[in-house]
Amino acid sequence: MHPIRRHLLAAASASLLLPPLLSSCAQPRPRDVYSPIVGQDGKDAMWVPTPDAVVERMLDMAEVKRGDRVVDLGSGDGTIVIAAARRGARARGIEYDANLVALSRRNARQAGVQADFVQGDIFQSDFSDADVVTLYLMPEMNERLLPTLLDMKPGTRVASHQFGIGHWPPDRTDEVAGRFAHLWIVPAKVGGTWTARVDGEPPLQVELRQNFQKLEGDALVAGERFELALPRLRGPAIRFDVRGGPAGTMRFEGTADNGGRINGTVLTAGAHPRPFTATRA
Ligand SMILES: C[S@@+](CC[C@H](N)C(=O)[O-])C[C@H]1O[C@@H](n2cnc3c(N)ncnc32)[C@H](O)[C@@H]1O
């Protein structure tokens, strides 16, 4: 059996064991209340809820805090959205199945939290305002979302239950209760050639080669090419050392926007930090 199908069926049957265990303390439900069935078909993925321990770890990894805009894509019965709202986030779910949307709204009301549920197709929805995106979707859906996720503002956190997002390597993976929780930080787009200007120094040409959040490159200093040391990119935050030029080691630490500018400071041994600005050459 295909491993993805095996995971979802195992997850669904584990969830199906819960109702009998809970039935002794469950409140009787009115007959007309909609009860989804774990493993039921959805538009592009079936409905299987994320267990609470995994939800909490995903929100911890994404450092969800009061006021963050959190969006769960394919929000099912609202489990992740409601947990995020409990942390004070402005939480929103996008779910195709209208019955699940209605159920999520009821669940949020019962939990006493403010949350927003939108009925719609995640591939036709705009969630570019989110600070945090959560996913428990099929790998091919994650892969289809990859360009949209990479176009989000640098620093947006993306947390996925179980599955990866194409070839984008996670920044962190945890194992929780036999499942995986992955985290990615959307990197700024910094690949290309830059001219960095530092007070008191001739302009420096820096070539950055970027593969998702992985960075390497070199700098042209006084006609000589030096490989960048300790390059690091986390969201909009960028850092690298230029070693061996006339000024000795220069540590560049800055913030990149996607508009073609990096601003920050340069640290050189024995000198005060100096501001630098880099623009695309
Ligand atoms: C595996 S469940 C995850 C539910 C919830 N995110 C959680 O982790 O508990 C996937 C959900 O995505 C929904 N879904 C599938 N395709 C969708 C689409 N194209 N747009 C919106 N929702 C979709 C399904 O109805 C289902 O509720």
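Residues numbered from 1 in each chain as written. Predicted model: local features only at pLDDT ≥ 70, side-chain atom pairs only at ≥ 80, totals over all residues. Heavy atoms only, no water.

An unreviewed UniProt entry lists the protein chain under the name Methyltransferase domain-containing protein, with Ramlibacter henchirensis given as the organism.

Focus on empty space enclosed by the protein
Applicable threshold: Cavities and pockets are defined on a 1 Å grid built over the protein atoms alone: a cavity is a set of grid points where a 1.4 Å probe fits but cannot escape, while a pocket is an open set with protein on both sides within 12 Å along at least five of seven lines, and lining residues are those with an atom within 4 Å of any such point. Grid points are joined across faces, edges and corners, and a volume is the space filled by probe spheres set on the points. Only runs of H or I of at least four residues qualify as helices and only runs of E of at least two qualify as strands under DSSP, and these elements are numbered from the N terminus. Only Asp, Glu, Lys and Arg are considered charged in this grouping, and only Ala, Val, Leu, Ile, Met, Phe, Trp, Tyr, Cys and Pro are considered nonpolar; every other residue, Gly among them, is considered polar.
Enumeration according to the criterion identifies three cavities of 30 Å³ or more in this entry. Roughly 360 Å³ of volume is contained in the largest cavity. Around the largest cavity, the lining comprises 30 residues; the ones closest to its centre are Gly74, Ser75, Gly76, Glu95 and Leu137. Elements with a contribution of two residues or more to the lining of the largest cavity: helix H4 (79–86) and strand E2 (90–95). Across the lining of the largest cavity, the residue classes tally to 13 nonpolar, nine polar and eight charged.

Concerning the site of the ligand
Quick reminder of the rule: Throughout this document, a residue counts as near a molecule or strand when at least one of its heavy atoms sits within 4 Å of that molecule or strand. Distance and chemistry together define a polar contact, namely a pair of N or O atoms within 3.5 Å, with one atom able to donate a hydrogen and the other to accept it when in protein, and with adjacent residues in sequence counting only for side-chain atoms on both sides. Using a 1.4 Å probe, the Shrake-Rupley method yields the accessible areas, and only the shown protein chains count as cover for residues.
Lining the immediate environment of the ligand, one finds 23 residues, of which Asp44, Thr50, Asp72, Gly74 and Glu95 sit closest. Between aspartate 44 and the ligand, the recorded distance is 2.7 Å, taken from a side-chain N or O atom to a nitrogen atom. With respect to the ligand, the side chain of aspartate 121 contributes an N or O atom lying 3.0 Å from a nitrogen atom. For the ligand, the protein covers 99% of the area, taking 600 Å² as the surface of the free molecule.

Thoughts on the nonpolar core
Operational definition: By nonpolar core is meant a set of buried Ala, Val, Leu, Ile, Met, Phe, Trp, Tyr and Cys residues that side-chain atoms within 4.5 Å join together. Using a 1.4 Å probe on the protein chains alone, a residue whose accessible area is under 20% of its type maximum counts as buried, one over 50% counts as exposed, and one in between counts as partly exposed. In this description, contact between two residues means that some pair of their heavy atoms is separated by no more than 4.5 Å.
Met58, Leu59, Val64, Val70, Ala84 and Phe117 are the most contacted members of the largest nonpolar core, which totals 26 residues. Elements with a minimum of two residues in this core: helix H3 (52–61), H4, helix H5 (98–111) and strand E7 (179–185). The greatest single-element share of this core, amounting to six residues, is contributed by H4. Those residues in contact with methionine 58 that lie beyond four places of it in its chain are Thr50, Ile80, Thr134, Leu135, Ala159, Ser160, His161 and Ala181. Formed by 24 residues, the second largest nonpolar core is a distinct cluster that contains Val190, Val206, Phe226 and Ile262.

Some details on the layout of surface pockets
Empty space among the atoms can be located by rolling a probe the size of a water molecule over them. Here the second largest pocket defines a volume of roughly 170 Å³. What lines the second largest pocket is simply Met61, Ala62, Glu63, Gly155, Arg157, Asp171, Arg172, Leu183, Ile185 and Arg234.

Quick word on the side chain of aspartate 131
Summarising the element assignment, aspartate 131 is placed in the loop between strand E3 (116–119) and strand E4 (132–135). With a relative accessible area of 18%, aspartate 131 lands in the buried category. In terms of polar contacts, aspartate 131 uses its side chain to reach the backbone amide nitrogen of arginine 69, at 2.7 Å. Looking at aspartate 131, its side chain comes within polar contact range of the side chain of lysine 153, at 3.3 Å. Those residues in contact with aspartate 131 that lie beyond four places of it in its chain are Gly67, Asp68, Arg69, Lys153, Thr156 and Arg157.

Concerning the packing of aromatic side chains
Keep this limit in mind: Any two rings among Phe, Tyr and Trp, with Trp reduced to its six-membered ring, count as a pair given centres within 6.5 Å; such a pair is stacked if its planes are under 30 degrees apart, edge-to-face if over 60, and tilted if neither.
All chains considered together, the criterion is met by four aromatic pairs. Where tryptophan 168 meets phenylalanine 212, the ring centres are 6.3 Å apart and the plane angle is 20°; that geometry is what we call stacked. Of the two residues, tryptophan 168 is situated in the loop between strand E5 (157–161) and strand E6 (172–176) and phenylalanine 212 in the loop between strand E9 (204–211) and strand E10 (214–221); the sequence distance between them amounts to 44 residues. Relative to phenylalanine 276, the ring of phenylalanine 252 lies with its centre 5.0 Å away and its plane at 75°, an arrangement referred to as edge-to-face. One end of the pair, phenylalanine 252, is in strand E14 (residues 248–256); the other, phenylalanine 276, is in strand E16 (residues 274–280), and 24 residues separate them in sequence.

A look at the sheet that holds E3
The strands making up a sheet associate through backbone hydrogen bonding, with each pair oriented either parallel or antiparallel. What counts here: Paired strands are those between which DSSP finds at least two bridges. All axes here are fitted lines through C-alpha atoms, helices being fitted over the stretch that makes contact, and every angle between N-to-C directions spans 0 to 180 degrees.
Read from one edge to the other, the open sheet built from seven strands follows the order E3-E2-E1-E4-E5-E7-E6, with strand pairing classed as mixed. In this open sheet, the two edge strands, each paired with only one partner strand, are E3 and E6. Pairs of neighbouring strands in the sheet enclose a mean axial angle of 20°, with direction left out of account. Bridge count for E5 against E7 is five bridges, and the pairing is antiparallel. Pairing of alanine 159 across the sheet is with leucine 183, part of E7. Contacts between H5 and the sheet are confined to E2 and E3, with E3 contributing the most and set at about 170° to the helix.

Notes on the pattern of salt bridges
Put simply, the rule reads: The salt bridge criterion pairs a side-chain nitrogen of Lys or Arg with a carboxyl oxygen of Asp or Glu, the two atoms within 4 Å.
Evaluation of the coordinates by the stated rule reveals 17 salt bridges. Arginine 92 is the partner of aspartate 129 in a salt bridge, and the nearest nitrogen-oxygen pair spans 3.4 Å. Of this pair, aspartate 129 sits in the loop between E3 and E4 while arginine 92 sits in strand E2, placing them 37 residues apart in sequence. On the accessibility criterion, arginine 92 (16% relative accessible area) is buried. Across the pair arginine 209 and glutamate 216 runs a salt bridge whose closest N-O atoms are separated by 3.6 Å. Taking relative accessible area as the criterion, glutamate 216 reaches 48% and is therefore assigned partly exposed.

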